[in-house]
Amino acid sequence: PKPSADPPATTVKSYACQRRTPLKHHNTFLTDALEILAENAEFNENEGRSVAFRRSASVLKALPHVVRGMDDLKNLPCLGEHSVRVIKEILEDGTSSEVESTRQSEQYQAMKALTGVFGVGVKSADRWFREGLRRPLDLIHTGQKLNLAQQAGVQYYNDLNRPVTKREAVAISHIVEKAVNAVLSGAIITLMGGFRRGKEVGHDVDFLITHLEEGAEEGLMPKVLNWLEEQGLLLYQKTTRNSYLESKDGPARPPHNLDRFERCFSIFKLEKGKEGSGTSLNTSYDSGTTEGITGTTEQPGPSWRAVRVDLVVSPFSQFAFATLGWTGSKLFERELRRWAGQEKGMSLSSHALYDSKQQRYLRANSEEEIFAHLGLEYIPPSERNA
Ligand code: TTP
Ligand code: MN
Ligand code: MN
Ligand code: MN
């Protein structure tokens, strides 16, 4: 038995939205492993298991030190028996046999490759895997019927799987600003997602657009898309209503904007050498139009690349909620909603916060106010990397 003079073990709160999670942390050797298992559980459509692994990993991201032994795990929340077993194995042997065999498995590798195609979800990937397909090119070779998103996904596969740099994100910001300003003056455009949390690279670039004058933002998305289209800057786009974060147990979304088209998944054509370096003297006149698989459509060449861009339009009254909802991380968002529901009897979405006890919506003009309504200490974006 240890003497009671032990320094107290690090205490970590149990919801990710109660903790500060920096981008860079001390335990990637463990969290990468746990996230492989989480990803694999997603591929098997086992959401509960996946979230359990993600929560375990997230707790380790919040620790101010490297985990060196099992003692370091004392008093930590969210670590299930399975996660503990994996961590123990890695601490003792350097690797976990389960993680390594998952990494090597045909199913994991195929699902990773197939879901890596824009527009392909777990369900389609799994069906194709069962039919014997393994790689994105198999979709072409076997003549699979693809929807428009998936066609774009295959066509721009290499570009879309290449990380988007901060510099490219800034270049895209300038394009989006130009597009929005061309169709509506006074709009506010904010970079969201991973880049707002301080990431250096991302899989896409996320923007939230609003206007101080409530209602001025209505109908903005189609106009912006038209402008981009006319400039030849859009390779693909699909606009939808925002149905994400809708809760089963509360009217989280005010009903009046049910029919607004407010979000857009798109693929931009970004000219190279225009990434805002200030030194973009481009003497290369390569056309960038090489013949692609289809023979007719433009393929990324030396002069441009394809970049995934998400655009969201929000009325100003919902801007704080939209900002919070689109900053992420995904686990942080999920934990915020779980906290709201389980601990506060509230329902949070990227539109509103509903208090079930008071049976009313709680207004907020800033993220700080939303955290305060939820009884949470404010966590800045750079520490929401749960
Ligand atoms: P992503 O762009 O998928 O992720 P990310 O920006 O955190 O990381 P990456 O660098 O890989 O792009 O999502 C951004 C945030 O938007 C994420 O926290 C979840 C949130 N979000 C949606 O993805 N869909 C929605 O409908 C809403 C409201 C929010
Ligand atoms: Mn640290
Ligand atoms: Mn993103
Ligand atoms: Mn996104």
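Everything below is about the structure printed above this text.
This section reports on the structure supplied with the text. (Residues numbered from 1 in each chain as written. Chains lettered and ligands numbered in written order. Predicted model: local features only at pLDDT ≥ 70, side-chain atom pairs only at ≥ 80, totals over all residues. Heavy atoms only, no water.)

Quick look at the overall build of the chain now. Looking only at helices and strands, the chain features 15 helices and 12 strands. When each of the 386 residues of the chain is scored for burial, the buried share is 48%. For the chain, restricting intrachain contacts to residue pairs at least 6 apart in sequence, the fraction spanning at least 24 positions comes to 69%. (Helix = DSSP H or I, 4+ residues; strand = E, 2+ residues; numbered from the N terminus. Buried < 20%, exposed > 50% of the residue type's maximum accessible area, 1.4 Å probe, protein only. Contact = heavy atoms within 4.5 Å.)

This paragraph deals with the sheet that holds strand 12 (residues 360-362). Spatially, 3 strands are ordered 10-11-12 in an open sheet, and the strand pairing comes out antiparallel. With partners counted over all chains shown, the strands left at the sheet margins are strand 10 (346-348) and strand 12, one partner each. If you compare each strand with its neighbour and ignore which way they point, the axes differ by 30° on average. The sheet contact formed by strand 10 and strand 11 (residues 353-355) spans 3 bridges and is antiparallel. Directly across from S347, in strand 11, lies its bridge partner Y354. (Pairing = 2+ DSSP bridges. Axes fitted to C-alpha atoms, helices over the stretch in contact; angles between N-to-C directions.)

Here the structure, examined in full by the defined rule, presents 21 salt bridges. Between D204 and R308 there is a salt bridge; the shortest N-O distance is 3.9 Å. With D204 in the loop between strand 3 (201-202) and strand 4 (205-211) and R308 in strand 9 (residues 304-313), this pair connects stretches of sequence that are 104 residues apart. R338 serves as the salt-bridge partner of E335, at 2.9 Å between the closest nitrogen and oxygen. Here the residue E335 and the residue R338 both occupy positions in helix 14 (residues 330-344), the gap between them amounting to 3 residues, near one helical turn. By relative accessible area, which is 1% here, E335 ends up buried. Of the residues examined, R338 reaches a relative accessible area of 22% and is grouped as partly exposed. Residues participating in the shared-partner salt-bridge network are R20, E377 and E383. (Salt bridge = Lys/Arg side-chain N within 4 Å of Asp/Glu carboxyl O.)

On to the packing of helix 10 (residues 166-183) against helix 12 (residues 220-230). Taken N-terminus to C-terminus, the directions of helix 10 and helix 12 make an angle of 115°; their axes are 9 Å apart at the nearest point. For the element pair helix 10 and helix 12, the recorded crossing hand is right-handed. Taken together, the residues of helix 12 that come into contact with helix 10 (itself represented by I175, K178, A179, V180, A182 and V183) are L220, K223, V224, W227 and L228. The class makeup of the residues in the contact of helix 10 with helix 12 is 9 nonpolar, no polar and 2 charged. (Left-handed = near helix turned anticlockwise from the far one by under 90°. Nonpolar A, V, L, I, M, F, W, Y, C, P; charged D, E, K, R; others polar.)

What follows covers the coordination of the manganese ion (ligand 3). Protein coordination at the manganese ion (ligand 3): the donors are D204 (OD) and D206 (OD), at 2.0 to 2.1 Å from the metal. Between the manganese ion (ligand 3) and the manganese ion (ligand 4) the interatomic distance comes to 3.6 Å, and D204 is a ligand of both metals. Exposure remark for D204: the relative accessible area of 6% places this residue in the buried category. The buried category is assigned to D206, whose relative accessible area is 9%. (Donors = N, O, S within 2.8 Å, 3.2 Å for Na, K, Ca; no water.)

Right, let's talk about empty space enclosed by the protein for a bit. Inspection of the entire model under this criterion finds 1 cavity of 30 Å³ or more. Reported here for the largest cavity is a volume of approximately 40 Å³. Taken together, 10 residues make up the lining of the largest cavity; nearest its centre are V313, S314, A322, S350 and H351. A breakdown of the residues in the lining of the largest cavity according to their chemical character gives 4 nonpolar, 5 polar and 1 charged. (1 Å grid on protein atoms, 1.4 Å probe; cavity = no way out; pocket = protein on both sides within 12 Å on 5 of 7 lines; lining within 4 Å. Points joined across faces, edges and corners; volume = space filled by probe spheres on them.)

Right, let's get into the environment of I87. Position of I87 among the secondary structure elements: in helix 3 (residues 81-93). For the pair I87 and F29, spaced 58 residues apart in sequence, the C-alpha separation works out to 9.6 Å. Contact partners of I87, with chain neighbours within four places excluded, come to L30, L34, L60, L73 and L79.

Between the first and last C-alpha of helix 14 there are 20 Å, a value that for 15 residues agrees with the 21 Å anticipated at 1.5 Å per step. Inspection of helix 14 places L331, F332, E333, E335, L336, W339 and A340 among the buried residues, and these make up the whole buried set. For helix 14, the secondary structure elements touched by its buried residues are helix 2 (47-61), helix 13 (319-327), strand 10 and helix 15 (367-373). Two residues or fewer after helix 14 comes G345, characterised by a positive phi angle close to 60°. (Expected span 1.5 Å × (residues − 1).)

Looking now at helix 1 (residues 28-43). Taking 1.5 Å of rise per residue, 16 residues should cover 22 Å, and helix 1 covers 22 Å from first to last C-alpha, within 8% of that figure. L30, T31, A33, L34, I36, L37, A38, E39, N40, A41 and F43 are the residues of helix 1 that are buried. Packed against the buried residues of helix 1 are helix 2, helix 3, helix 4 (97-104), helix 5 (106-115) and helix 6 (122-130).

By the definition in use, this model includes 8 aromatic pairs. Measuring from centroid to centroid gives 5.7 Å for F43 and Y108, while their planes differ by 50°, and the two rings are tilted. Of this pair, F43 sits in helix 1 while Y108 sits in helix 5, placing them 65 residues apart in sequence. Across the pair, Y108 and F43 agree in class, each one buried. Relative to Y378, the ring of F371 lies with its centre 5.2 Å away and its plane at 80°, an arrangement referred to as edge-to-face. Classification of F371 as buried rests on a relative accessible area of 1%. (Phe/Tyr/Trp six-rings, centres within 6.5 Å; stacked < 30°, edge-to-face > 60°.)

From the geometry alone we can't say anything about function, so treat these as descriptive.
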